[in-house]
Structures are given as structure tokens and as C-alpha cells.
Amino acid sequence: MLAKVTIVIPFYNCNYVGQAVRSALKQSYPNKEVLVVDDGSDNRYFKELRPFLGEITYIQKKNGGTASALNLGIKKASGNYITWLSSDDLYAPEKVEKQVSFMQKHGALFSFSNYCLINETNEVIARVVGPRYRTVIEFYRDFLKGNTINGCTVMMHKQIFNDVGLFDEALPFTHDYDLWLRIMLARHDLYYLDESLTMYRYHSEMGTRKYGDKIAKEIEITRGKYQLRLSKLIDQIIGGE
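Source: prediction; values computed, not measured.

Chemist: Honestly, empty space enclosed by the protein in this entry has me stumped. Any pointers?
Modeler: Sizing a probe to match a water molecule and rolling it over the atoms shows the empty space that remains. Evaluation of the coordinates by the stated rule reveals one cavity of 30 Å³ or more. Approximately 50 Å³ is the volume attributed to the largest cavity. Of the residues that constitute the lining of the largest cavity, the class distribution is six nonpolar, five polar and no charged.

Chemist: Would you mind going over the side chain of D176 with me for this structure?
Modeler: Here D176 is to be found in helix α6 (residues 175–185). Among the polar contacts made by the side chain of D176, one reaches the side chain of N147 at a distance of 3.4 Å. Ignoring sequence-local partners within four residues, the contact set of D176 consists of N147 and F167.

Chemist: Before we go on, may I ask you to explain the environment of G224 in this structure?
Modeler: Here G224 lies in helix α8 (residues 212–240). Each C-alpha atom, one on G224 and one on K145, is 10.0 Å from the other, the two residues being 79 residues apart in sequence.

Chemist: Explain unusual backbone geometry to me, please; I cannot follow it from the model alone.
Modeler: Trans is the prevailing form of peptide bonds, just as negative phi is the prevailing case for residues other than glycine. At N13, a residue that is not glycine, the phi angle is positive and equals roughly 45 degrees. For N13, the position within the fold is in the loop between β1 (5–11) and α1 (17–25).

Chemist: Explain the nonpolar core to me, please; I cannot follow it from the model alone.
Modeler: One recurring pattern in soluble globular proteins is that nonpolar side chains are buried together. Formed by 36 residues in total, the largest nonpolar core has its most connected members in W84, F110, I149, M156, W180 and I183. Setting aside its immediate chain neighbours within four residues, M156 contacts N80, Y81, I82, W84, M103, L109, F110, F161, L179, W180 and I183. Core analysis: the next-biggest nonpolar cluster, separate from the first, contains 31 residues, I7, V34, Y91 and C152 among them.

The rules we used
Residues numbered from 1 in each chain as written. Predicted model: local features only at pLDDT ≥ 70, side-chain atom pairs only at ≥ 80, totals over all residues. Heavy atoms only, no water. 1 Å grid on protein atoms, 1.4 Å probe; cavity = no way out; pocket = protein on both sides within 12 Å on 5 of 7 lines; lining within 4 Å. Points joined across faces, edges and corners; volume = space filled by probe spheres on them. Nonpolar A, V, L, I, M, F, W, Y, C, P; charged D, E, K, R; others polar. Helix = DSSP H or I, 4+ residues; strand = E, 2+ residues; numbered from the N terminus. Polar contact = N/O pair within 3.5 Å; in protein donor to acceptor, adjacent residues only side chain to side chain. Contact = heavy atoms within 4.5 Å. Core = buried A, V, L, I, M, F, W, Y, C linked by side-chain atoms within 4.5 Å. Buried < 20%, exposed > 50% of the residue type's maximum accessible area, 1.4 Å probe, protein only.

Shown next, in the form of C-alpha cells:
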């Protein structure tokens with residue numbers, strides 16, 4: 001029997017959410033559920049979801065930020081594997097199928113992939129955006145500088161949340177960076193699939209453009225919290241080679 005995959009789509013006042021939901025529903029992998037968590041959006045945005053209500057699980061909550069919406073989706077998830085999609089991004093049709101196969105082949109509990117860049121009209125601007133690494137140490141050292149993983153490319157086995165907990169809801173911008181660091185320090189391997197399976201949308205309303213200064217400050221705080229422990233972990237890995 002195929003393992004079940006839960007796709008969580010956190011949603012707040014986004015005109016692209018219908019496209020995101022459609023790309024999740026069109027996944028070639030059959031055993032999936034799509035949870036759309038409405039983080040207190042204005043009622044007028046509900047029309048984007050109305051065509052899909054028979055195929056998705058729609059969850060409403062008061063506005064509390066992306067981390068809180070993701071955590072609620074994870075708690076409600078019934079899948080063995082969990083992945084999430086920003087409401088302004090898209091999945092390639094074979095994203096889930098390829099990633100589940102990759103993880104099962106390697107016995108992985110966590111994986112991420114590369115991604116491409118699209119614009120407001122879904123035109124591909126760049127086909128490969130994420131960095132590529134020759135060694136695990138190279139990846140870890142780069143991670144000391146900042147988050148190099150696009151969260152929408154990630155797939156995780158639900159077991160990991162039992163080990164390290166959920167997203168930190170006190171972090172509006174770096175909740176994903178914080179979680180990846182906790183997973184690393186718990187000595188889970190982060191497997192990389194070198195294919196662009198997610199389409200990251202670059203547009204005028206995206207958070208990285210609107211809140212760049214705040215994000216940069218929060219990255220510094222989050223990095224400082226874990227830097228010493230991650231440096232020690234890198235030294236241990238090098239020593240064990």
C-alpha cells in the first residue's frame with residue numbers, strides 16, 4: 001500500500017491560492033490529502049477555494065502567522081509524509097511522487113529539492129535556483145550563514161515532529177530555518193534531490209520583498225542561537241570521516 005502524503009497549504013489573503021491548490025490536487029501521486037489552512041483571510045478570498053471544496057480539507061483559524069497555520073495543518077494531517085506549499089507557489093505534477101520514491105529508496109525522514117523561479121504569469125524565469133553542494137560539510141557550513149533550503153521543496157516523515165517539535169510560532173519569518181537547524185542538531189540526515197520540483201513565485205507582494213530588513217534581523221538572531229552547536233556538530237562529523 002502506498003504511504004499517504006499530506007500537503008499543507010497555509011493561506012492568508014493571496015490571489016494565487018487557487019493555482020497552488022490546483023497544483024497540489026493534480027499531483028501524480030494518488031494517496032494524498034490536501035489541507036488548506038485559512039489564517040484569517042478576508043472573506044472575498046474564499047471564492048478562490050470554492051471550486052475545490054469537495055477535494056480538499058478547508059480549515060479556518062484566526063490570524064496567527066504562517067508558523068501557526070502550518071502547525072495546525074501538521075496536527076490535522078493523517079499522512080505518513082508531510083509537505084507544504086506556499087499559497088503563491090506551485091508544485092510540478094510529479095513532485096510528490098518523485099520525492100516519496102527518493103525518500104523510500106534512501107530510508108530518509110527528511111528531504112528537500114531544488115526549485116525554479118516563476119513570475120506573476122507562471123513564466124519560468126530560472127530553471128535551477130537553489131545552491132548545489134559537493135559534500136555534506138559544505139552544505140552545513142553554508143547553513144551557518146543562513147537558510148539555503150526552500151521550505152516548499154521539503155518533505156518530512158511525521159516522525160521528525162515527534163523528535164524535534166513543531167515550528168516556533170514566535171518566529172514570523174525564520175520558523176523554517178529554526179526547524180531545519182533543530183533537525184540537524186538532532187542528527188537527522190537532510191537528503192537532497194537535485195531536481196527542480198517546486199516553482200517559487202517572484203512577485204511584488206512576496207514577503208521576502210516586503211519585509212527584507214525584518215527577515216535579515218531575525219536570521220541573525222536565529223543563527224546566533226544555534227551557531228555554536230552547529231559548529232561543534234560539523235567538527236564532530238569531520239572528525240568521524
